[in-house]
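Topology and contacts: notes
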Amino acid sequence: MNAAAPAPKENQGQPVPRIDGRLKVTGEARYAADFPLNNLAYAVLVTSSIARGRVRQLHLEAARSVPGVLDIVTYGDMDGVKPPTFGTVGATSLGPLHQQEIIHDGQIVALVVADTFEAASEAALRVRADYDEQPASASLSSGGTETIEAAGKSKMYKEDPKAGDFEAAFAGSQTRIDAEYHTASETHNPIELFSTTCAWNDGKLTVYEPTQNLWGFKAEVARQLGIDAASVRVVSPYVGGGFGSKGPMTPRTAIVAVAARRLNRPVRCVVTRMQAFTTTTYRAETRHRLRLGAGADGKIQAFGHEGWELTSRSDDYVVGGTDTTARMYGYGAVMTKVRLVKADRQTPGYMRSPPETPYMFPLESAMDELAAALGMDPIELRRVNDTMKDPVSGKDYSSRSLMACYDAAAQAFGWSRRDPKPRSMRDGEWLIGWGCATATYPTHIGAGTARIHLSSDGKARVAVASHEIGTGVRTITAQMAAERFGIPVENVSVDMGDSRLPPAPVSGGSNSTATICSTIIKACDAIRGKLFQAVAGADNGPFAGLQSRDLDIRDGKVVASDGGSLPLEDAFKALGAGAIEEYAEFVPEGAPKDAVQKLYNGQTTLIGGSHGKKVMYAFGAELVEVRVNARTREIRVPRMVGAFAAGRIMNTRTARSQLMGGMIWGMSSGLLEATEVDERNARTVNRDLQNYLVPVCADIDQVEVIMLPETDNEVNPAGVKGLGELGNVGTNAAVANAIWHATGKRVRHIPIRLEDLLA
Ligand code: MOS
């Protein structure tokens, strides 16, 4: 892989290296479990060894006898504490110690606290439970599940998108695809483990926990514990990978808080990698029926997409990717339906590109099948069906550069040399396949707040309670302020990751760059306005007779359109102050008026995607080469090319890393990742990184990322669409399509493993 960042193009920001890069590589960056605290006690979770039933009795004597054990929190100890709320901040409503019923494998049954981590671990191993076990349903194909329609049942899902008479249009189509697809459960494995550290001081609680949602987390912890939100502080300056897993409230946080309160000393719980498989959220298993009907020209006349999604007995979490697939192309009639299948598993949740990764797989696979049935090039089929209008609502896209992405990716990939016939390209014993698929992600934005301080020496400080989850948001925050103030990036410091700072939305739905940059523009412009007002219209000096709007700041000077300039320091002198501080609240067009108040109460309202006046999405094209060994069926991916258009790119270096990481994860979704659950007892089998396959460098050779300039002034003041969750969408289908091209075998499930290619 080539490490050099590309040169900036029009509307693309500088490839500024991460401002916290040095702290991270030297180990100085503090993650939640790194904070040294006096008199810290260590806690270890005990989890159930059944998936469904009841804990009849817990035997704690052996655990209590381990030297150093301080306390065991279990049933009966959570009185007065409310369970989490299922909804925007919680992906579960399960308070695991509120009930002795077990509803999923590895459910928390106790928390052991000791003087040392080793003593707590040893004692946790000695806790024994007697269970009344019942048969458990593991998956979509198990008996004993319950199927319900998502619309009208789940508070996460309003209605199934539809348009026109699908059945008639489908029946009347000349070429029809009608196929079933399946995607596996996947488990988040951020390198930073999940952890909670709680410290009480005079009735006030500080929680150190990696989170993508500081203010939401703070409000929810307070609600569960029945204390004032003002008494809770959440500290999370760096997050070692979130991907959605650190967005929702966890079932363990309140338990750790209770343990710390009982002992009157700080308690830290680092969840083991194995326990993380069952005590956090994960990507739901999904099944799909996808129908496409087209005319001889390739125009799609009928689109039907039905999804079945696994969820828990307790909560109706919805993936709901039809919101995106229903408006992806210029279809005629549209029919969609989402159903939930309730099984004995913990509640699933957000996992990078939550709806799009599993729902675009069937659509983009079916598009490839349709192209083959029509004898058409798969990129040309997308061109024929490209649209600037959402077929469901009739609204226009704010911008859509899908075909420009395909053209750029095809050029870089050498797609014109592709022989369309499957099994036609070969290199010795390796069958070569080239496949493509569309990437997309809705453009989201929320209300935001920020405080910015600019001093006369040209140094700025930005304070915003957003989250550095590895995407580089700290860096683009500094860049935006530097750009607005005409100062070097090095002159901007950024405070983030603490609920004492002004609230920002949850770092989810790829909204952070758009929201934070739009908020910073507003705060910076308030400061610029004050400065300009102080120096414009003076009787003499460089800006005599000029107005604020004629002024700008560049290179540490206030400059006028007519060439006059004044050092920043002198402008501050004219103002009679050494510094200006501004607090700004940004509410995007179309957001509820009380969106900022909601933010302070811990609720993020994200808007955009299909829901605004215009339909807003980022797009990309994923082109993949696979090589399948003709004898062993081993599948390799020597190269991928992705071309993406996502409005203004704030930083081509961090954006490229996001897109490249996403593409590799998308390849992994196609070939490697699956949470394996035992059909007999609904227990998770591959609960570690030896058995849960994640990609390593040897799994991919060349990854080329192309970022196309795109200007979209309608999405938000920053013109940013966001791309954290764009790169891994469609890659799984591109891999499957390439495997079909290599082998002639159409595999309609992921991950695809060599055993799928044996017959
Ligand atoms: Mo992202 S999975 O919306 O945190």
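If you're wondering where the values come from, they're calculated on a predicted model, not measured in any experiment. (Residues numbered from 1 in each chain as written. Predicted model: local features only at pLDDT ≥ 70, side-chain atom pairs only at ≥ 80, totals over all residues. Heavy atoms only, no water.)

**Focus: the overall build of the protein**
- A tally of regular secondary structure across the protein gives 17 helices and 32 strands.
- Against the 2.2 N^0.38 benchmark of 27 Å for 759 residues, the protein shows a C-alpha radius of gyration of 27 Å, consistent with a compact globule.
- The C-alpha extent of the protein, read off along each of the three principal axes, is 85 × 75 × 50 Å.
- Here the protein holds 759 residues, and 63% of them are scored as buried. (Helix = DSSP H or I, 4+ residues; strand = E, 2+ residues; numbered from the N terminus. Rg over C-alpha atoms; globule rule 2.2 N^0.38 Å. Buried < 20%, exposed > 50% of the residue type's maximum accessible area, 1.4 Å probe, protein only.)

**A closer look at the sheet that holds strand β32 (residues 749-750)**
- The strand order across the open sheet built from six strands is β7-β17-β16-β15-β8-β32, with neighbouring strands paired in mixed fashion. Of all strands in the sheet, those with a lone pairing partner are β7 (146-149) and β32, marking the two edges.
- With nine bridges joining them, strand β8 (residues 175-183) and strand β15 (residues 286-294) adopt antiparallel strand pairing. Bridged to D178 within β15 is R291. (Pairing = 2+ DSSP bridges.)

**What to know about the state of the cysteines**
- Inspection of every chain in the model, using the stated rule, returns zero disulfides.
- Lacking any disulfide linkage, C198 is separated from the closest cysteine sulfur, that of C269, by 9.5 Å. (Disulfide = S-S within 2.5 Å.)

**Section: the packing of helix α5 (residues 214-225) against helix α6 (residues 253-263)**
- Interhelical geometry of α5 versus α6 gives an angle of 60° and a closest axis separation of 10 Å. Put simply, α5 runs oblique to α6. Seen along the crossing, α5 lies across α6 with a hand that is right-handed. Residue-level inspection shows F217, V221, Q224 and L225 of α5 in contact with α6, the latter providing T253, A254, A257, V258 and R261.
- Split by residue class, the contact of α5 with α6 holds six nonpolar, two polar and one charged. (Axes fitted to C-alpha atoms, helices over the stretch in contact; angles between N-to-C directions. Parallel < 35°, antiparallel > 145°, perpendicular 65-115°, else oblique. Left-handed = near helix turned anticlockwise from the far one by under 90°. Contact = heavy atoms within 4.5 Å. Nonpolar A, V, L, I, M, F, W, Y, C, P; charged D, E, K, R; others polar.)

**Some words on helix α11 (residues 402-413)**
- Its 12 residues place the ends of α11 16 Å apart at the C-alpha level, agreeing with the 16 Å of an ideal helix rising 1.5 Å per residue.
- For α11, the complete set of buried residues consists of L402, M403, C405, Y406, A408, A409, A410 and F413.
- Where α11 terminates, the next one or two residues include G414, which has phi positive at roughly 85°. (Expected span 1.5 Å × (residues − 1).)

**A closer look at the side chain of D20**
- Relative to the assigned elements, D20 resides in the segment before α1 (21-25).
- Not counting chain neighbours up to four residues away, the residues in contact with D20 comprise Y238, E468, R474 and T475.

**Brief notes about the environment of S245**
- With respect to the helices and strands, the residue S245 is situated in the loop between β12 (232-235) and α6.
- Residue class for S245 comes out buried when judged on its relative accessible area of 5%.
- Put simply, S245 and S154 are 91 residues apart on the chain and 21 Å apart in space, counted from C-alpha to C-alpha.
- Excluding anything up to four places from it in sequence, S245 contacts H188, P190, F194, Q212, T281 and Y350.

**As for the sheet that holds strand β24 (residues 551-554)**
- In space, the three strands of this open sheet follow the order β24-β25-β26, with antiparallel pairing throughout. If you trace the sheet from one side to the other, it starts and ends with β24 and β26 (565-567), each paired once. Strand-to-strand twist in this sheet, taken as the mean axis angle between neighbours without regard to direction, amounts to 25°.
- Of the strand pairs in this sheet, strand β25 (residues 557-560) and β26 are connected by three bridges, and their pairing is antiparallel. If you follow K557 over to β26, its bridge partner there is P567.
- On top of the sheet, helix α14 (residues 568-575) reaches β24, β25 and β26; it is set at about 85° to β26, its chief contact.

By themselves, these figures tell us nothing about what the structure is for.
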